[in-house]
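One-letter residues, chain by chain:
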Amino acid sequence: MDFSSETLAGKHALICGGSKGIGRACAEAFAKTGARLTLLARPSAELQETCAGLPGSKGKHRAIACDFSKLDEVKHVIADIGGDVDILLCNGGGPPPGPLLDAGVEELETAFHQHLLTPTLLVQALAPGMKERRFGRIINIISTSVKVPIPGLGVSNTVRGAVANWAKTLAYELGPYGITVNNVLPGFTVTDRLEQIIGRQMSRTQKTREELETLMKAEIPARRFAEVRELAYACTFLSSDMAAYINGINLPIDGGRTGSL
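Summarised in this report is the structure supplied together with it. All values reported here derive from a predicted model rather than from experimental measurement. (Residues numbered from 1 in each chain as written. Predicted model: local features only at pLDDT ≥ 70, side-chain atom pairs only at ≥ 80, totals over all residues. Heavy atoms only, no water.)

1. Some points on the sheet that holds strand β7 (residues 250-253)
- With parallel pairing, the 7 strands of this open sheet are ordered in space as β3-β2-β1-β4-β5-β6-β7. Among the strands making up the open sheet, the edge pair consists of β3 (62-65) and β7. The mean inter-strand angle of the sheet, taken between neighbouring strand axes irrespective of direction, is 20°.
- Pairing of strand β2 (residues 36-41) with β3, which is carried by 4 bridges, proceeds in the parallel orientation. Looking at β3, one finds that T38 is bridged to R62.
- Sitting on the sheet, helix α4 (residues 105-133) is in contact with β1 (12-16), β4 (87-90), β5 (136-141) and β6 (179-186), with an inclination near 165° to β4. (Pairing = 2+ DSSP bridges. Helix = DSSP H or I, 4+ residues; strand = E, 2+ residues; numbered from the N terminus. Axes fitted to C-alpha atoms, helices over the stretch in contact; angles between N-to-C directions. Contact = heavy atoms within 4.5 Å.)

2. Re the packing of aromatic side chains
- Per the stated rule, a full pass over the model turns up 1 aromatic pair.
- An angle of 80° between the planes, with centres 6.1 Å apart, marks the rings of F188 and F225 as edge-to-face. Note that F188 is positioned in the loop between β6 and α6 (192-205) and F225 in the loop between α7 (209-218) and α8 (228-239), a separation of 37 residues in sequence. Across the pair, F225 and F188 agree in class, each one buried.
- In this structure, K217 is placed above the aromatic ring of F225, and the distance from its NZ or CZ to the ring centre is 5.0 Å. (Phe/Tyr/Trp six-rings, centres within 6.5 Å; stacked < 30°, edge-to-face > 60°. Buried < 20%, exposed > 50% of the residue type's maximum accessible area, 1.4 Å probe, protein only. Lys NZ or Arg CZ within 6 Å of the ring centre and 35° of its normal.)

3. A closer look at the nonpolar core
- The biggest cluster of nonpolar side chains holds 32 residues, and the ones touching the most others in it are L14, L40, L88, V123, I138 and L174.
- Those elements giving two or more residues to this core turn out to be β1, α3 (71-81), β4, α4, α5 (154-174) and β6.
- When residues no more than four places from it in sequence are discounted, the contact partners of V123 are L88, P128, I138, W166, L170 and L174.
- In this structure, C26, L231, C235 and A243 belong to the second largest nonpolar core, which totals 30 residues. (Core = buried A, V, L, I, M, F, W, Y, C linked by side-chain atoms within 4.5 Å.)

4. So, the layout of surface pockets
- Space inside the second largest pocket adds up to approximately 440 Å³.
- Lining the second largest pocket are 20 residues, with I150, P151, F188, Q201 and R257 positioned closest to its centre.
- At the level of secondary structure, the elements contributing two or more residues to the lining of the second largest pocket comprise α6 and α7.
- With 4 residues, the top contributor of residues to the lining of the second largest pocket is α6. (1 Å grid on protein atoms, 1.4 Å probe; cavity = no way out; pocket = protein on both sides within 12 Å on 5 of 7 lines; lining within 4 Å. Points joined across faces, edges and corners; volume = space filled by probe spheres on them.)

5. With respect to the environment of F30
- Within the secondary structure, F30 sits in helix α1 (residues 21-32).
- For F30, a relative accessible area of 0% puts it in the buried group.
- Separated by 22 residues in sequence, F30 and L8 place their C-alpha atoms 7.0 Å apart.
- Filtering out sequence-adjacent residues up to four positions away, F30 remains in contact with L8, A13, I15, A35, L37, I87, C235, T236 and S239.

Structure below.
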């Protein structure tokens, strides 16, 4: 898809988890299409490097370090961001893999803090400005598990399902104000998360990386893993005026892998 340098011109995008992976790819795509960016992620050299390397004039973009599991820290950061955000990309690393029955309560609490409570605080703070401007885009990077739960990702399946219904509810509430709320559902994508899943499978099955990748790709009609830029293309489109009438959807970007409509 060909976007111009004016596609998101004049828009302020807040990207959570913007230091690497899908978040970084979205930051690069948004910046190329004219948006001004604020990146949120845990403190790291990668966060600053990503921000410094984005297209645009010096000082146009900024990075703010924040731990999404600490709600007091999130509230403090929100006050620093301001209310002029037009595009909110909710994105964060998935909870540790493992069966739901083996998960501790604290694991579920952390996951809900990071993936549901933090986005709620952000939306509550930013929605008034979006309503006033009659424009807003809220995009959540979640998982195809909201359609078909993925074995071995118990906590993730649980919290992602909650986020999907949270987003659909917001789509109803915010739609009358020109604000859309949509979910992007990545399939197997070349990220640290995929490395984590493959590594766990290697230790559990004693299979080699090559064997596991072959088995995983055989489940995908496209017969390959997604690149992060392919997720970024979809998010750029959903953030633009071109997608103004797309609201409340779950968009799988999985090469056809998910076994449901």
